Amino acid sequence: MKLSRNKIFFLGLFFSLFLSHTSSASDNKLKVVASIAPLADFARQVGGDKVDVILLLPPGASPHTYEPTPRTMQEISQAKIFIKIGAGLEFWADKLVAAAAKGVVAVDCSRGVALIHANDHEKHGAGNTDPHYWLDPLIAIGMVKKIEEAYAKADPADSSYFAQRASSYIAGLTALDKQIAGTVKTFRTREYVTFHPAWNYFSRRYGLTVAGVIEEGPGKEPTARHIDRILRELRRLKIRVVFAETQFSPRMAEAIAREAGGRVLMLDPIGGQKERASYIDMMRYNLALMKKAMG
Ligand SMILES: [Zn+2]
């Protein structure tokens with residue numbers, strides 16, 4: 001099984017190298033791959049029609065459990081720039097990039113970010129740090145600046161185009177931050193229970209507290225004792241909403257909601273799907289659900 005998958009990868013690599021040699025002259029857009037949907041959105045916002053952005057993680061998939069396909073490899077091999085979250089999130093892509101792409105520039109958006117240390121319940125992929133920092137819009141501004149910098153280096157002739165687009169998008173992120181801060185201020189409770197530990201940076205920014213996390217580790221079923229603890233937290237907080245997430249099965253959250261006499265709302269920390277395709281739309285979608293639960 002493993003062996004045959006490797007064979008498929010190398011076949012994919014072979015064809016992708018072949019393709020990149022035959023098609024690279026056909027257009028002069030900067031080829032960019034981005035690991036998750038928020039990064040692909042930032043990459044397009046800054047790059048406009050000077051870049052060709054490919055998203056690696058399919059919408060609806062979880063980066064914590066994703067297994068790449070030969071197509072992933074082909075896409076990476078054609079890229080000039082690889083935009084990533086880092087902090088262990090792309091454990092499934094890093095080896096592929098090293099194998100497939102010669103001369104690709106990796107833009108690790110976690111560079112310079114004050115990362116939160118993940119506790120034992122919150123370890124994700126390979127890292128000991130919590131990788132979900134993109135859910136803080138002010139950190140997102142720094143990510144956009146890193147992307148702009150990388151574009152300007154790769155394509156200096158268009159650097160003022162990138163700078164202009166980055167600054168108008170940053171104005172949008174600044175407005176988003178103000179909107180979230182203003183809405184959270186009106187919440188009657190500042191504590192909530194989430195499905196997986198994605199909301200620590202968001203909570204730190206806006207003065208919220210994650211009182212409990214349903215999933216004990218990526219893909220892990222919570223124990224009966226852990227579920228009891230979650231139910232106690234929900235009762236204490238007088239919250240009748242259990243948050244699930246669109247990248248995971250809602251089955252466990254539904255069982256807990258039944259027990260708590262509440263209902264399930266689906267947060268989305270990644271987006272890239274209908275009605276929350278863009279990062280800003282996704283954040284507004286999450287804010288509206290939190291307001292329903294805590295407002
Ligand atoms: Zn996550």
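Thresholds, definitions, all that
- Residues numbered from 1 in each chain as written.
- Predicted model: local features only at pLDDT ≥ 70, side-chain atom pairs only at ≥ 80, totals over all residues.
- Buried ≥ 20, exposed ≤ 12 C-beta atoms within 10 Å, placed from the backbone.
- Helix = DSSP H or I, 4+ residues; strand = E, 2+ residues; numbered from the N terminus.
- Pairing = 2+ DSSP bridges.
- Right-handed = clockwise from strand over helix to strand, strands pointing away.
- Contact = placed C-beta atoms within 7 Å.

**With respect to the pairing of strand β7 (residues 241-245)**
- The buried fraction of β7 amounts to five of the five residues, a majority that puts the element mostly inside the structure.
- Here β7 shows a buried face lined by Val 241, Phe 243 and Glu 245 and a second buried face lined by Val 242 and Ala 244.
- Of the strand pairs in this sheet, β7 and strand β8 (residues 263-267) are connected by five bridges, and their pairing is parallel. Note on β8: the bridge partner recorded for Val 242 is Val 264.
- Since β7 and β8 lie parallel, the crossover through helix α9 (residues 251-260) that links them has a hand, and here it is right-handed.

**Observations regarding the pairing of strand β3 (residues 81-84)**
- Here β3 shows two buried faces, one formed by Ile 81 and Ile 83 and the other by Phe 82 and Lys 84.
- In terms of strand pairing, strand β1 (residues 30-34) meets β3 through three bridges, oriented parallel. When the sheet's bridge partners are listed, Ala 34 is paired in β3 with Ile 83.
- Two elements, β3 and strand β4 (residues 105-108), share four bridges in a ladder whose sense is parallel. Across the sheet, Phe 82 pairs through a bridge with Ala 106, a residue of β4.

**A short note on unusual backbone geometry**
- Its identity as a non-glycine residue notwithstanding, Ala 87 has a phi of 55°, on the positive side.
- Mapping Ala 87 onto the fold places it in the loop between β3 and α4 (94-100).
- Given 23 C-beta atoms within a 10 Å radius, Ala 87 is considered buried.
- For Lys 238, which is not glycine, the phi torsion reads 55° and is therefore positive.
- Lys 238 sits in the exposed class, given 8 other C-beta atoms within 10 Å.

**Side note on the environment of Leu 115**
- Within the secondary structure layout, Leu 115 lies in the loop between β4 and α5 (137-154).
- In this structure, the C-alpha to C-alpha distance between Leu 115 and Thr 129, residues 14 residues apart in sequence, is 6.4 Å.
- Setting aside residues no more than four positions away along its own chain, Leu 115 makes contact with Ala 87, Ser 110, Thr 129, Asp 130 and Tyr 133.

Purely geometric stuff here, so don't read any function into it on its own.
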